[in-house]
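# An overview of the molecular structure
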Amino acid sequence: VRVVVVDVVGSAVLGPTFDVGEDFTNRPEILDALAGRPVTGERVSTTLGTVLFYVAVPVISGDTTVGAVRITAPASTISGAVNSRLAGLGAVVLISVVIAVIAAFALAGAITRPITRLTATTRRLAAGDLGDRADEDSGPPEVRSLARSFNTMVGRLEQMVDRQRGFAGTASHQLRTP
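So, here's what we can say about the structure.

Scoring rules and cut-offs
Residues numbered from 1 in each chain as written. Predicted model: local features only at pLDDT ≥ 70, side-chain atom pairs only at ≥ 80, totals over all residues. Heavy atoms only, no water. Pairing = 2+ DSSP bridges. Helix = DSSP H or I, 4+ residues; strand = E, 2+ residues; numbered from the N terminus. Core = buried A, V, L, I, M, F, W, Y, C linked by side-chain atoms within 4.5 Å. Buried < 20%, exposed > 50% of the residue type's maximum accessible area, 1.4 Å probe, protein only. Contact = heavy atoms within 4.5 Å. Patch = residues over 30% accessible without salt bridge, like charges linked within 9 Å, V, L, I, M, F, W, Y side chains within 5 Å. Areas by Shrake-Rupley, 256 points an atom, 1.4 Å probe, with all protein chains shown as cover. Salt bridge = Lys/Arg side-chain N within 4 Å of Asp/Glu carboxyl O. Expected span 1.5 Å × (residues − 1). Bend = angle between axes of the 7 residues up to and from the residue.

Attention now goes to the pairing of strand E4 (residues 50–61). As judged from the seven bridges shared by strand E3 (residues 39–45) and E4, these two strands associate in the antiparallel manner. Bridging across to E4, serine 45 finds its partner in threonine 50. Connecting E3 to the antiparallel partner E4 that follows it, the hairpin turn spans four residues, and glycine 49 within it adopts a positive phi of roughly 70 degrees. What sits between E4 and strand E5 (residues 64–74) in their antiparallel hairpin is a turn of two residues, with glycine 62 showing a positive phi close to 70 degrees.

Structure representation (structure tokens):
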């Protein structure tokens, strides 16, 4: 990175790699900064033989521009730093997405497992197993509430079937022994 500070006429005042008094008015970014406009961009440096990224800003005292400061760096250095940062951000994004997907699968599993168990219990009930009950202690509150309602319904259904069997047994007995 190279820094130069110039006075109002474009002569170098400070710059470790420049001679004091060196004229910088042939650099368009210095002229823009001396006109009071901050500028950034890229240009080919004929002295260094490379593309430079530059930032030039005016030095203002009150309402008057008294000089300018220009910072330059090889564009390849800036591009390398930016690419390195982008690679780091890309890695962070990738890790975040992987963690989000894992969390989504874990959450989906926590929600669907109790529903899957409740579905299996309803299939066993439909097959005639009136003694089976749903698990009321696992899953989200809504699923636990559904399991309690299901178990209440199965209990009532079991009582109705028992009463029906009892009635059928009594009726059968009465019909055999008038």
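What follows covers the nonpolar core. Residues Val4, Val6, Ala12, Phe18, Phe24, Ile30, Ala33, Leu34, Val39, Tyr54, Ala56 and Ala68 constitute the largest nonpolar core, which totals 12 residues. Going through the elements one at a time, strand E1 (2–7), helix H1 (28–34) and E4 are the ones with two or more residues in this core. Of all the elements, H1 adds the most residues to this core, at three residues. With sequence-adjacent residues up to four places away left out, alanine 56 is seen in contact with Glu29, Ala33, Arg37, Pro38, Val39, Val69 and Arg70. One finds Leu125, Leu130, Ala134 and Ala147 within the second-largest nonpolar core, a separate group that totals eight residues.

A cluster of nonpolar residues, Ile78, Val82, Leu86 and Leu89, forms a patch on the protein surface that exposes about 340 Å² of accessible area. For isoleucine 78, the position within the fold is in helix H2 (residues 75–126).

Turning to the environment of valine 57, a few remarks are in order. With respect to the element layout, valine 57 can be found in strand E4. The sequence separation of valine 57 and threonine 77 amounts to 20 residues, and the corresponding C-alpha distance is 21 Å. Residue contacts for valine 57: discarding those within four places in its chain leaves Ala33, Pro38, Ala68 and Val69.

Another point: H2. Compared with the 76 Å implied by 1.5 Å per residue over 52 residues, the 74 Å span of H2 between its first and last C-alpha is a close match. The largest bend in H2 comes to about 25 degrees, at threonine 112, with the proline proline 114 one to four residues further on. Taken residue by residue, H2 has Ala75, Gly109, Pro114, Leu118, Thr121 and Leu125 as its buried positions. One or two steps after H2, the chain reaches glycine 128, where phi turns positive at roughly 110 degrees.

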